[in-house]
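One-letter residues, chain by chain:
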Amino acid sequence: MAKQAEGPLVNPVEMAMPDSAAVVSRVKENSHYDNVFRSIYGQDVLNDSDKGYAAIADAIATFEKTSMFMPFDSRYDRALRGEIKLTPQEELGKTLFFSQQFTNCNACHQLSSSPFNPQETFTNYEYRNIGVPANPDLMAQNGNKKDFGLLDNPAINDPRQAGKFKVPSLRNVAVTGPYMHNGVFQDLRTVVLFYDKYNNPKRVINPETGRLWGEPEVPENVDLATLEKAPALPDRRVDAIVAFLKTLTDQRYEPLLNGQ
């Protein structure tokens, strides 16, 4: 986990710090951080860029293991522990989500083999191309350059990876829009409708644009074997799935659901 924490700080498309020394220097600018790091990792830790950078990554990784970072206190989690009961609509959405018969949600968004795992992350951490259309606003900003996802990684030289992106966790999904890797959808219900269009001939219109769904930005390698596995969903079931997804919101963020 600490190794993972080292990456974003110096990644040119994330935080874009030039090197580890620059990160350590930035941390030392904050006297509180400087004092705390020295008290925990040793008085000289920030005087060496390699040791200092390792300490910073370790601190981040340590925080990511805490209950503050992973509280597991959403309505879904509390219901799983018997502390509350979900509404009938939420229960229907939960049944549909974990079903092998009525949806294909858990093909990618379930890590544990059991629907009762108390620390389900709602992602299998794999990469998929699900045929997401391009975001015109984003394309206008980047010179109409296609986003090839995993294939854009310089370490990847396999055309079969074009258009694939890591499956995201669905925890807090209701309060973290816009959606998809490029923010092409604004509403969570639109996302569910987008998935349903692969199996429902009636779902031809994107409700956010009033036009036909856009073509996949990267049409190669779309995972139709998974996407076309489920039956069509009536509106009642679409709404139930959306209601269930809202139950995955951490308790501290539940006020953000008001008005949705």
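Definitions and limits used
- Residues numbered from 1 in each chain as written.
- Predicted model: local features only at pLDDT ≥ 70, side-chain atom pairs only at ≥ 80, totals over all residues.
- Heavy atoms only, no water.
- Helix = DSSP H or I, 4+ residues; strand = E, 2+ residues; numbered from the N terminus.
- Expected span 1.5 Å × (residues − 1).
- Buried < 20%, exposed > 50% of the residue type's maximum accessible area, 1.4 Å probe, protein only.
- Contact = heavy atoms within 4.5 Å.
- Core = buried A, V, L, I, M, F, W, Y, C linked by side-chain atoms within 4.5 Å.
- Polar contact = N/O pair within 3.5 Å; in protein donor to acceptor, adjacent residues only side chain to side chain.
- Salt bridge = Lys/Arg side-chain N within 4 Å of Asp/Glu carboxyl O.
- Lys, Arg positive; Asp, Glu negative; His and termini not counted.

A. Fine view of helix α10 (residues 235-246). Look at α10: 17 Å from first C-alpha to last across 12 residues, which is about the 16 Å you get at 1.5 Å a residue. For α10, the full list of buried residues reads Val238, Ala240, Ile241, Val242, Ala243, Phe244 and Leu245. Packing partners of the buried residues in α10 comprise α5 (75-80), α6 (88-98) and α8 (188-196).

B. View of the nonpolar core. The biggest cluster of nonpolar side chains holds 32 residues, and the ones touching the most others in it are Phe97, Phe122, Phe244 and Leu245. Those elements that place two or more of their residues in this core are α6, α8 and α10. Residue contributions to this core peak at six residues, all from α10. In contact with phenylalanine 244, other than residues within four places in its own chain, are Tyr76, Glu90, Gly93, Lys94, Phe97, Phe98 and Phe122.

C. Inspection of the side chain of arginine 171 at higher detail. Inspection of the secondary structure assignment puts arginine 171 in the loop between β2 (165-166) and α8. Polar contacts involving the side chain of arginine 171 include one to the side chain of aspartate 77, which spans 2.8 Å. In this structure, arginine 171 is in contact with Phe72, Ser74, Tyr76, Asp77, Glu120, Thr121, Phe122 and Leu248, ignoring residues within four places of it in sequence.

D. Inspection of the environment of alanine 79 at higher detail. Position of alanine 79 among the secondary structure elements: in helix α5. For the pair alanine 79 and asparagine 221, spaced 142 residues apart in sequence, the C-alpha to C-alpha distance is 38 Å.

E. Local environment of the pattern of salt bridges. Under the counting rule described, the total for this entry stands at 14 salt bridges. Its salt-bridge partner being aspartate 250, residue arginine 252 comes within 3.8 Å of it at the nearest N-O pair. Through salt bridges with shared partners, a single ionic network connects Arg189, Asp196, Arg203, Asp235 and Asp239.

F. Region of interest: the side chain of glutamate 217. Here glutamate 217 lies in the loop between β4 (211-212) and α9 (224-227). Of the side chains bearing the opposite charge, lysine 146 lies closest to the buried glutamate 217, which forms no salt bridge; the N-O distance is 7.1 Å. A distance of 2.9 Å separates a polar atom in the side chain of glutamate 217 from the backbone nitrogen of aspartate 147. If we ignore the near neighbours within four places in the chain, the residues touching glutamate 217 are Val132, Pro133, Ala134, Met139, Lys145, Lys146, Asp147, His181 and Asn182.

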